[in-house]
Amino acid sequence: MADERLVEDLLALWRLLRRASSPVRRAESTPEQYWLLTTLHRQGALPVGELAAALGITGSSATTACKRLERAGLVRRERQRSDERVVRVALTAAGAERVASWQRERREALARLLAPLDDAEREQLQRLVERVLAEAGAPAAGADGVVRP
């Protein structure tokens, strides 16, 4: 029963974080555009077909979304010289800044949610989160706040 409560409380915290920091909820982006931009941010430039596969959408949907994002100045599309059928999509500087801005907003929202904790409680939570991440095989941030694989 305590496990269920913890799981539900963590899910509630996750929902609060999403509500406070989601560009989709603030109507800054469609879900498809959000995932497209964040995928390009994580993986770098990709052919439209690979991007569509990563997002689980059709190639034509990815092309349409990319064209809209290109008009907004957030991505650039380049036809490959070696195979003109292949179009690679990459973030522009403005697109990278948009994703970085969303990431900053998410971190700030989480910091606000953690603000009621005192230093000792934050240290304890840090140790517990690191333990859970280690068990899951996920990297934790170092003392400098940077996650390293």
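This text goes with the structure placed above it.
Okay, so let's go over this structure. If you're wondering where the values come from, they're calculated on a predicted model, not measured in any experiment.

### Side note on the packing of helix H2 (residues 31-43) against helix H3 (residues 48-55)
Here is step 1: Remark: H2 packs on H3, axes separated minimally by 10 Å, with the N-to-C direction vectors making an angle of 115 degrees. For the element pair H2 / H3, the angle class is roughly perpendicular. Between H2 and H3 the crossing geometry is right-handed. Residues Trp35, Leu36, Thr39 and Leu40 of H2 touch H3, and the partners they reach there are Leu51, Ala54 and Leu55.

### Things to note about the nonpolar core
Here is step 1: Judged by nonpolar contacts, the single largest core of 20 residues is most densely connected at Leu36, Leu37, Leu40, Leu51, Leu69, Val75 and Val89.
Here is step 2: Looking at this core, the elements with two or more residues in it are H2, H3, helix H4 (59-71), strand S3 (87-91) and helix H5 (93-114).
Here is step 3: With residues up to four places along the chain from it excluded, the contact list for Leu51 reads Leu36, Thr39, Leu40, Leu46, Cys66 and Val89.

Criteria and thresholds
Residues numbered from 1 in each chain as written. Predicted model: local features only at pLDDT ≥ 70, side-chain atom pairs only at ≥ 80, totals over all residues. Heavy atoms only, no water. Axes fitted to C-alpha atoms, helices over the stretch in contact; angles between N-to-C directions. Helix = DSSP H or I, 4+ residues; strand = E, 2+ residues; numbered from the N terminus. Parallel < 35°, antiparallel > 145°, perpendicular 65-115°, else oblique. Left-handed = near helix turned anticlockwise from the far one by under 90°. Contact = heavy atoms within 4.5 Å. Core = buried A, V, L, I, M, F, W, Y, C linked by side-chain atoms within 4.5 Å. Buried < 20%, exposed > 50% of the residue type's maximum accessible area, 1.4 Å probe, protein only.

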